[in-house]
Amino acid sequence: MKSDTKGRDLPAAQQAIIDRCLHPSAEGTEYIYDWSARNLPERFETIVDDHPNRLAIKVGQQSLTYAELNQAANRVAHMLLDQRGDDPEPIPLLFETGVDFFVALWGVLKAGKFYVPLDITYPEERNRQILEDLEAPLILTNQANHTLAQALLPTSDGILTIDSIAHTPTTNPHKPIPPDAYAYVVFTSGSTGRPKGVIINHKDVLNFSRSMSNHSHLCPQDCVGFTSSISFNGAASSIFAAHLVGAGLYPFDMKQRGSDEISSWVGDEQITIFTIVPSLFRQWAATLPVGENFPWLRFFRLGAEKMFVSDWELFRDRFAPTACIRFGYAASESKIITHFHMTAETEFVENQMPIGYAVRSIDVLILDEQRNVVPVGQVGEIGARSHFMSPGYWRRPDLTDAKFLPDPDDPTARIYLTGDLGVMRPDGCIYFLGRRDFQAKIRGHRVEIVEIEAALMATGSLAEVVVMAQTDANGEDRLAAWLAPHSWPPPTVNEIRRHLGQTLPDYM
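Quick caveat: nothing in here was measured; it's all calculated off a predicted structure.

Draft legend 1. Expanded view of a nonpolar patch on the surface. On the surface, a nonpolar cluster with roughly 290 Å² of combined accessible area is contributed by V466, M468 and W482. Mapped onto the elements, W482 comes out in strand β25 (residues 477–485). Classification of W482 by relative accessible area gives partly exposed; the value is 44%.

Here's what the structure looks like:
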């Protein structure tokens, strides 16, 4: 299973784009930290010592400096250690997009436990399924979401609110945490009709954060913005990339504010690095006048769904010529796998957006049905080989064994099978050619088609269902269902939607 991409340097044109993507304050030099920390709290506390008064998080009118965030997180950590002891365990977090979530996140990590983000906008039944799979002893929340927590976990003894913490130390717990300890579990759509949990450990977070930092020359002067839900795995990439170098983090709550406010937010907060899915980027950029809008916005990170050359044209025509854009291909299980960097001067070899070149910590493989590497130019399944990989799926050894293969050439590495088809060009550039299974990407979220079909059959009024992802006139995937009812008249569309809304999130 050897691959031609292992150890390959980026083409000169790609490296030149990375080299020019500097914050104005960097004065041509990369801001470098020692990345030898063994776990996330250890590195974060180093950043706090270096930048105690720098803004760490701002959501709306709420903000905390690094020192304030660290002290608040320490209170949470000591509370958890006092009440739950030293053992690692999952701690579900039930918060809106606000500073409380980030206090809780770092508090859980500092206590040597691992967090599981719940989405307050999801149907109660879906969050309840996650809690059942976790067998979590408690929910960590705030007073604003206490009622919702009670609906999910009726025993009040299992609900901890960070608003009521008092008389706990603000000092760092200095809990010993090994690098392969779990950091968080994020639940995605599952083929069994229930969400499945992807486990991420500390060393993997440190690795992908370092990669993101290096590619964008992230520095403490940067203002990092993102639009994805805090329960979505893509949010974690922005959170840790910012907080592990001392940059300011500015989440944008799309569900509360809507896309019409993106421009005013970018202007008010002077966002310099912006993570956004391509569909939302094209929707927003199309509303801007032609010209150099937001000249301080120096780096875009796009990913989680397909990007088109027409999206790059919007970028070229509406943002400063000094800006850079990176399209990243990633999976929850392996983080970023390939990347492709662009400026206003980029030329495309084909009239198709590539997913780019392997990141340094990943060896990209194009595999046939027998898991053998195919020759360059032939189509196969995209595999990612690395020492930095998810340990697998929460309490799903069968699925873990099916998706993660041992590497016969290196016992310390594993191969993740993405389920995506691709082709490699002679220079190592990868092009995405679609799925080989029954998954789809809808607005940046990975969706198992069979989960939606199972939810439709659960209505009890349908004899047969088929769900497919279709591409609309804008090139975006949407879900469509064909239904055969048991009897006539069939259930109405509104009745079906109401039923689905009880178990599935809105994007499904």
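Draft legend 2. Spotlight on the pattern of salt bridges. If you walk through the whole model with that rule in mind, you get 18 salt bridges. Note that E89 is salt-bridged to K113, the shortest N-O span being 3.4 Å. Taken together, the residues span a long stretch of sequence, with E89 in the loop between α3 (66–84) and β3 (90–95) and K113 in the loop between α4 (99–110) and β4 (114–119) at a distance of 24 residues. No difference in accessibility class separates E89 from K113, as the two residues are buried. With its nearest N and O atoms 2.7 Å apart, the salt bridge here joins D311 to R282. Note that D311 is positioned in helix α12 (residues 309–318) and R282 in helix α11 (residues 278–285), a separation of 29 residues in sequence. Each of the two residues, D311 as well as R282, counts as buried. One connected set of salt bridges, linked through shared partners, spans D363, R385, D407 and D409.

Draft legend 3. Region of interest: the packing of α3 against α4. Contact pair α3 / α4: the axes reach a minimum separation of 7 Å and the direction vectors enclose 55°. With respect to α4, the element α3 is oriented oblique. Relative to α4, α3 is oriented so that their crossing is right-handed. Counted together, L69, N70, A72, A73, N74, V76, A77 and L80 of α3 and F102, V103, A104, W106, G107, V108 and K110 of α4 form the full contact between these two elements. Across the contact of α3 with α4, the residue classes break down as 11 nonpolar, 3 polar and 1 charged.

Draft legend 4. Main features of the layout of surface pockets. Of the voids in this model, the second largest pocket is the one considered here, and its volume is about 770 Å³. Taken together, 32 residues form the lining of the second largest pocket, with T227, S228, S229, M254 and K255 sitting closest to its centre. Broken down by element, the residue count for the lining of the second largest pocket peaks at 4 residues, all from helix α9 (residues 254–257). For the lining of the second largest pocket, the per-class residue count stands at 13 nonpolar, 11 polar and 8 charged.

Draft legend 5. Local environment of the packing of aromatic side chains. In the structure shown here, the tally under the stated rule is 27 aromatic pairs. Centre to centre, the rings of F274 and W284 are 5.6 Å apart; their planes meet at 70°, and the pair counts as edge-to-face. Taken together, the residues F274 in strand β11 (residues 273–276) and W284 in helix α11 connect sequence positions 10 residues apart. As far as the burial class goes, F274 and W284 line up, both buried. Ring centres of W312 and F348 lie 5.2 Å apart, and the angle between their planes is 75°; on these two criteria the pair is classed as edge-to-face. With W312 in helix α12 and F348 in the loop between β14 (335–342) and β15 (357–358), this residue pair connects regions lying 36 residues apart in the sequence. Three or more aromatic residues link up through ring pairs in this structure, and these residues are F252, W265, F274, F281, W284, F294, W296, F300, F315 and F319. We note R425 situated over the ring of Y431; from NZ or CZ to the ring centre the distance is 5.0 Å.

Draft legend 6. Molecular detail of the nonpolar core. Of all hydrophobic cores here, the largest spans 71 residues; its most connected members are L93, W106, L140, Y184 and F240. With residues up to four places along the chain from it excluded, the contact list for W106 reads L40, P41, F44, L69, A73, F240, H243 and L244. Judged by nonpolar contacts, the second largest core, of 51 residues, contains Y250, L302, F315 and I325.

Draft legend 7. Molecular detail of the state of the cysteines. Overall, the coordinates contain 1 disulfide when judged by the stated rule. In this model, C21 is linked to C324 through a disulfide, with the two sulfur atoms separated by 2.1 Å. An S-S torsion of about -120° defines the bridge between C21 and C324 as left-handed. Of this pair, C21 sits in the loop between α1 (12–20) and α2 (40–50) while C324 sits in strand β13 (residues 324–331); the two residues are 303 residues apart in sequence, bridging distant segments of the chain. Judged by relative accessible area, C21 falls into the buried class, the value being 2%.

Draft legend 8. Representation of the packing of α2 against α3. Put simply, α2 and α3 touch, their axes get as near as 9 Å, and they point 140° apart. Taken together, the axes of α2 and α3 are oblique relative to one another. You can see that α2 and α3 cross each other, and the crossing is left-handed. Residues F44, E45, I47 and V48 of α2 touch α3, and the partners they reach there are Y66, A67, L69 and N70. Broken down by class, the residue content of the contact of α2 with α3 amounts to 6 nonpolar, 1 polar and 1 charged.

Draft legend 9. Spotlight on empty space enclosed by the protein. In the structure shown here, the tally under the stated rule is 3 cavities of 30 Å³ or more. Reported here for the largest cavity is a volume of approximately 100 Å³. If you go around the largest cavity, you meet 16 residues; those closest to its centre are N207, F208, S334, K335 and F388. For the lining of the largest cavity, the secondary-structure elements that each account for two or more residues are α7 (202–216) and β14. Among the elements that take part in the lining of the largest cavity, α7 stands out by supplying 4 residues, more than any other. Grouping the constituent residues of the lining of the largest cavity by class yields 7 nonpolar, 6 polar and 3 charged.

Calculation notes
Residues numbered from 1 in each chain as written. Predicted model: local features only at pLDDT ≥ 70, side-chain atom pairs only at ≥ 80, totals over all residues. Heavy atoms only, no water. Patch = residues over 30% accessible without salt bridge, like charges linked within 9 Å, V, L, I, M, F, W, Y side chains within 5 Å. Areas by Shrake-Rupley, 256 points an atom, 1.4 Å probe, with all protein chains shown as cover. Salt bridge = Lys/Arg side-chain N within 4 Å of Asp/Glu carboxyl O. Helix = DSSP H or I, 4+ residues; strand = E, 2+ residues; numbered from the N terminus. Buried < 20%, exposed > 50% of the residue type's maximum accessible area, 1.4 Å probe, protein only. Axes fitted to C-alpha atoms, helices over the stretch in contact; angles between N-to-C directions. Parallel < 35°, antiparallel > 145°, perpendicular 65-115°, else oblique. Left-handed = near helix turned anticlockwise from the far one by under 90°. Contact = heavy atoms within 4.5 Å. Nonpolar A, V, L, I, M, F, W, Y, C, P; charged D, E, K, R; others polar. 1 Å grid on protein atoms, 1.4 Å probe; cavity = no way out; pocket = protein on both sides within 12 Å on 5 of 7 lines; lining within 4 Å. Points joined across faces, edges and corners; volume = space filled by probe spheres on them. Phe/Tyr/Trp six-rings, centres within 6.5 Å; stacked < 30°, edge-to-face > 60°. Lys NZ or Arg CZ within 6 Å of the ring centre and 35° of its normal. Core = buried A, V, L, I, M, F, W, Y, C linked by side-chain atoms within 4.5 Å. Disulfide = S-S within 2.5 Å.

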